[in-house]
Amino acid sequence: MTVPELIDARELRTALTGTLESGARFVGAWATADGGWRVALATVQGTRVLVCTPAGGRVDSIVQTVGAAVWDEREAHDLYGLEFDGHEPLRTLVDHSAALEAWTTPVRGGGVHQVAVGPIHAGVIESGHFRFHCVGDRILALDPRLFYKHRGLERAAEGRGYGQALPYAARACAACSVANTVAYAQAVEDAVGLWPPAELRRQRTLLLELERAYNHLNDIGAVCAGVGFAPGSMAFAVLKDRAQELCRQAFGHRFLFGAVAVGHGPATLDAAQADALRAQLRELRADAAAAWRDLEFSASLQARLDGVGVLSHDRALQFGAVGPAARASGVVRDVRTDSPRLAYMGFVPASLPQAGGDVAARFQIRAAELEATWELLDGLLSEPLTRSAATWQEPGGGVGVGRVESPRGETVCMVELAAGRVARLHLRSASYANWPALADATAGNLLPDFPLINKSFELCYACVDR
Amino acid sequence: MFVLLRQLRTIRREASLRPGDEPRWLAIRHVDAGSCNGCEHELALLGGPLHDIQRFGLDIVASPRHADILLVTGPVTTRMAQPLQIAYEAMPTPRLVAALGDCALGCNVLADRDQLAGPLSELLPVDIRIPGCPPSPESIAAGLLDGLRAITQHPAHSSRVSTTRDRRPPQSGTVWPGHGNHQPKEH
Ligand code: SF4
């Protein structure tokens with residue numbers, strides 16, 4: 001259970017340093033409408049939330065110790081007006097009214113020019129703006145400007161009952177909707193004091209792994225598309241489509257909308273349905289493995305992936321990168337190893353013999369993880385799925401944190417409840433964590449390689465923008 | 001490579017959409033005006049071997065300059081309203097607007113009202129409506145084809161669409177980057 005710890009805002013940096021030294025990890029920070037500031041940390045004993053109210057709206061920045069908190073502070077500044085001492089320069093993030101200089105990296109020198117791309121892109125792609133600082137075709141720095149799709153989902157969810165607020169987490173992003181809603185459900189259950197029994201844990205794990213399966217198939221195809229290797233992108237588009245059709249057949253929706261609820265699990269499968277799904281997944285697995293082997297033997301494809309868009313191990317740690325992108329850089333961290341509210345007993349995260357942090361590594365790690373996902377799904381479907389409900393534990397503290405390994409990495413949902421209603425909902429998706437790392441991995445590469453580097457991370461814009 | 005191609009051949013045989021009824025060639029420009037990315041995922045599959053929208057004379061193109069149809073997803077956020085308008089004005093006429101998904105249709109939108117400039121129908125004249133959250137790739141294909149069929153067969157709409165290549169370039173004065181001078185047409 002998450003226990004909010006009230007601290008003096010002036011003590012935040014000291015309290016944080018102490019906790020980090022004892023092995024804790026920053027997982028997110030969020031401001032509240034009444035001038036509050038929260039910092040969440042994952043520790044071996046569970047999640048800790050440091051709660052403070054900075055006097056006069058000013059608080060010490062934590063970015064010197066926690067590089068991963070840069071975007072969190074910029075967002076809190078733009079949306080909630082907090083000022084962060086020591087965060088220099090504090091560039092705007094969500095606020096689009098600022099001048100170009102207020103949000104871009106200052107780059108000077110002979111031959112330096114900017115290339116602006118977006119918000120509308122050339123294909124069927126989400127909206128967002130990229131500003132490249134280049135010399136010739138060589139990228140020196142990239143400033144992504146997202147939040148074109150900002151729908152104010154968090155604010156819109158406030159004041160609603162916690163069941164009613166769930167669709168706001170779901171619609172933040174279709175491709176991560178299971179991860180987002182499971183994280184949300186976990187956060188609420190943590191806040192009120194509910195615990196999921198084995199059947200509910202199994203059900204949610206099954207849904208999460210189905211979501212991972214179709215996403216990883218999609219993301220492998222995306223790398224092929226980034227290279228322009230049509231046989232690969234076409235084959236994996238079909239495999240992804242088939243995986244989503246299985247989701248629809250089993251649970252009524254191609255993105256599994258409506259399959260996750262707070263406090264219970266509405267999804268069911270009788271023995272015949274579970275067997276059928278299991279058999280179809282085995283077929284899909286075999287076809288995906290054959291298609292992957294073909295990609296491995298496509299020399300022209302493979303030659304395009306090595307050494308492109310390197311995210312070094314150190315930089316991955318510094319930026320707090322998560323998920324397949326972090327694991328491809330040798331940061332073997334996966335929330336599934338630490339998910340008592342889900343059915344991942346004994347889970348071992350995928351790793352690569354040579355985690356070079358390049359496009360090739362991010363490509364390979366997805367195939368390795370897909371194998372683990374098929375294996376998990378096969379085990380999870382050995383029995384029918386029945387309705388189940390969470391059970392009451394000791395009452396929660398009104399603040400809850402849910403952490404889930406989405407297809408793109410650790411997604412964290414924070415919820416604050418007041419009188420049974422959502423007072424604050426904050427979603428920090430894996431994509432949010434990884435965008436700064438992606439921008440960093442782009443530096444030094446050629447501009448025409450950006451689409452490929454971008455596809456190898458395959459981050460969402462929707463669940464960042466919210 | 002052989003496995004990939006063999007799979008594609010099998011799949012191509014299984015494709016299910018009914019054959020096109022008239023020759024046409026229309027280019028589609030997609031604009032994401034604040035979707036949850038679900039509509040994009042389904043739309044992206046339209047060009048794949050299973051649905052293969054190109055065989056009906058529809059294709060997704062990279063520039064509004066080449067486009068006959070503006071296909072919009074999402075409820076239209078305040079931040080996407082202007083880029084959307086610029087894309088629309090950069091299109092040659094005659095042009096069509098298609099709303100893809102419930103958000104673009106203004107149904108069941110989940111958002112903070114202050115962050116929205118939409119619904120789309122108040123910003124641009126919507127000709128084709130494809131409901132769903134998200135509509136499946138089949139429904140998107142069927143929605144586009146049925147919509148086009150209705151427009152080309154309906155006399156009142158005959159001036160709004162051309163299925164051949166007699167398009168006019170955008171008129172000067174309304175071309176990119178001009179914006180804010182658009183009057184929503186009654187429709
Ligand atoms: S209609 Fe549904 S799937 Fe499409 S953008 Fe809106 S919420 Fe997402």
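The structure under discussion appears in the preceding block.
Residues numbered from 1 in each chain as written. Chains lettered and ligands numbered in written order. Predicted model: local features only at pLDDT ≥ 70, side-chain atom pairs only at ≥ 80, totals over all residues. Heavy atoms only, no water.

### With respect to the overall build of chain B
What counts, and what does not: Only DSSP runs of H or I covering at least 4 residues are called helices, and only runs of E covering at least 2 are called strands; the numbering of each starts at the N terminus. By definition, residues are in contact when any of their heavy atoms lie within 4.5 Å. Where accessible areas are quoted, they stem from the Shrake-Rupley method and a 1.4 Å probe; at the residue level, only the protein chains shown are allowed to cover.
Secondary structure summary: chain B contains four helices and five strands in total. Here the contacts in chain B between residues at least 6 apart in sequence split such that 84% fall between residues at least 24 apart. In the structure as shown, chain B presents an accessible area of about 8,300 Å², 54% of it carried by carbon and sulfur atoms.

### So, the site of the ligand
The cut-off we apply is this: Whether a residue is near a molecule or strand is decided by its heavy atoms; if any one of them lies within 4 Å of it, the residue is near. Any residue that is not Ala, Val, Leu, Ile, Met, Phe, Trp, Tyr, Cys, Pro, Asp, Glu, Lys or Arg is counted as polar, Gly included; the first ten are nonpolar and the last four charged.
Near the ligand you find Arg171 of chain A together with Ser35, Cys36, Gly38, Cys39, Gly101, Asp102, Cys103, Gly132, Cys133 and Pro134 of chain B, and these make up its full shell. Chains contributing residues near the ligand are chains A and B. Split into classes, the residues belonging to the shell around the ligand amount to five nonpolar, four polar and two charged.

### Details of the pattern of salt bridges
This is how it is decided: Think of a salt bridge as a Lys or Arg side-chain nitrogen and an Asp or Glu carboxyl oxygen that are within 4 Å of each other. Relative accessible area decides the class of each residue, using a 1.4 Å probe on protein chains only: under 20% of the type maximum gives buried, over 50% gives exposed, and in between gives partly exposed.
Here the structure, examined in full by the defined rule, presents 36 salt bridges over all chains. The salt bridge partner of Lys149 of chain A is Asp32 of chain B, with a shortest N-O separation of 2.4 Å. In this pair, Lys149 of chain A sits in the loop between β9 (138–145) and α4 (153–157) while Asp32 of chain B sits in strand β1 (residues 26–32), so the two residues belong to two different chains. As far as the burial class goes, Lys149 of chain A and Asp32 of chain B line up, both buried. Across the pair Arg202 of chain A and Glu199 of chain A runs a salt bridge, and its minimum N-O distance is 3.1 Å.

### Section: the packing of aromatic side chains
All names here are of chain A. Our working definition: Only Phe, Tyr and Trp rings take part, Trp by its six-membered ring, and two of them pair if their centres are within 6.5 Å. Stacked means planes under 30 degrees apart, edge-to-face means over 60, and tilted covers everything else.
One pass over the structure, following the stated rule, counts twelve aromatic pairs over all chains. Taking 6.3 Å as the distance between ring centres and 45° as the angle between the ring planes, the aromatic pair formed by Phe130 and Phe132 counts as tilted. By relative accessible area, Phe130 is classed as buried at 2%. The class for Phe132 is buried, based on a relative accessible area of 2%. Between Phe130 and Tyr461, the aromatic rings sit 6.4 Å apart at their centres with planes inclined by 65°, giving edge-to-face as the arrangement. In this pair, Phe130 is assigned in strand β8 (residues 129–135) and Tyr461 in the loop between α15 (450–457) and α16 (462–465), connecting sequence segments 331 residues apart.

### Some thoughts on the pairing of β1 of chain B
Working note: regular strand, side chains alternate between the two faces of the sheet. Residues and elements named next belong to chain B. Put simply, the test is: The handedness of a crossover follows from its direction of travel: if, with the strands pointing away from the viewer, the path from the first strand over the helix to the second runs clockwise, the crossover is right-handed. At least two bridges found by DSSP between two strands are what make those strands a pair.
The element β1 is extensively covered by neighbouring structure, given that seven of its seven residues are classed as buried. Where burial is concerned, the two faces of β1 agree: the one with Leu26, Ile28, His30 and Asp32 and the one with Ala27, Arg29 and Val31 are both buried. Following the chain from β1 across helix α2 (residues 38–44) to the adjacent parallel strand β2 (residues 58–60), one finds a crossover that is right-handed. As paired elements, β1 and strand β3 (residues 69–73) share five bridges and run parallel to each other. From the neighbouring strand, Val31 faces β3, where its bridge partner is Val72.

### Quick look at the environment of Pro167 of chain A
Examined against the element boundaries, Pro167 of chain A turns out to sit in helix α5 (residues 166–170). Distance in space between the C-alpha atoms of Pro167 of chain A and Phe257 of chain A is 8.7 Å, their sequence separation being 90 residues.

### A word on the interface of chain B and chain A
As a reminder, the rule being used: Buried area, as used here, totals the accessible surface that two parts lose on assembly, with accessibility defined by a 1.4 Å probe and the loss added over both. Here a polar contact is taken to be a pair of N or O atoms separated by no more than 3.5 Å, where protein atoms must pair a possible hydrogen donor with a possible acceptor and residues adjacent in sequence count only if both atoms sit in side chains.
Counting from both sides, the interface comprises 45 residues of chain B and, opposite them, 48 residues of chain A. Both faces considered, chain B and chain A share a buried interface measuring about 3,700 Å² in area, 65% of it formed by carbon and sulfur atoms. Viewed at the interface, chain A and chain B are joined by two salt bridges. Run the count over chain B and chain A and you get 15 residue pairs in polar contact (both at pLDDT 80 or more). Elements supplying a minimum of two residues to the side of chain B that touches chain A: α1 (2–14), β1, α2 and α3 (78–89) of chain B.

### Re the nonpolar core
All names here are of chain A. Quick note on the threshold: To define a nonpolar core, start from buried Ala, Val, Leu, Ile, Met, Phe, Trp, Tyr and Cys residues and group those joined through side-chain atoms within 4.5 Å. These domain boundaries are the output of an automatic or database domain assignment.
In this structure, Tyr184 and Phe251 are the most contacted members of the largest nonpolar core, which totals 118 residues. Ranked by the residues each element gives to this core, the list is headed by helix α7 (residues 198–227), at eleven residues. Composition of this core by domain shows at least three residues from each of domain 2 (100–145) and domain 3 (153–430). Residues within four places of Phe251 in sequence aside, it is in contact with Leu206, Leu207, Leu210, Leu256, Ala267, Thr268, Leu269, Leu277 and Leu385. Membership of the second largest hydrophobic core comes to 22 residues, among which are Ala29, Ile62, Ala68 and Leu82.

### Concerning α7 of chain A
Residues and elements named next belong to chain A. Note the threshold: Expected span of a helix, by definition, is 1.5 Å for each gap between consecutive residues, and there is one gap fewer than residues.
Between the first and last C-alpha of α7 there are 43 Å, a value that for 30 residues agrees with the 44 Å anticipated at 1.5 Å per step. Most of α7 sits inside the fold, with 25 of its 30 residues counted as buried. Gly228 sits one or two residues past α7 and shows a positive phi near 90°.

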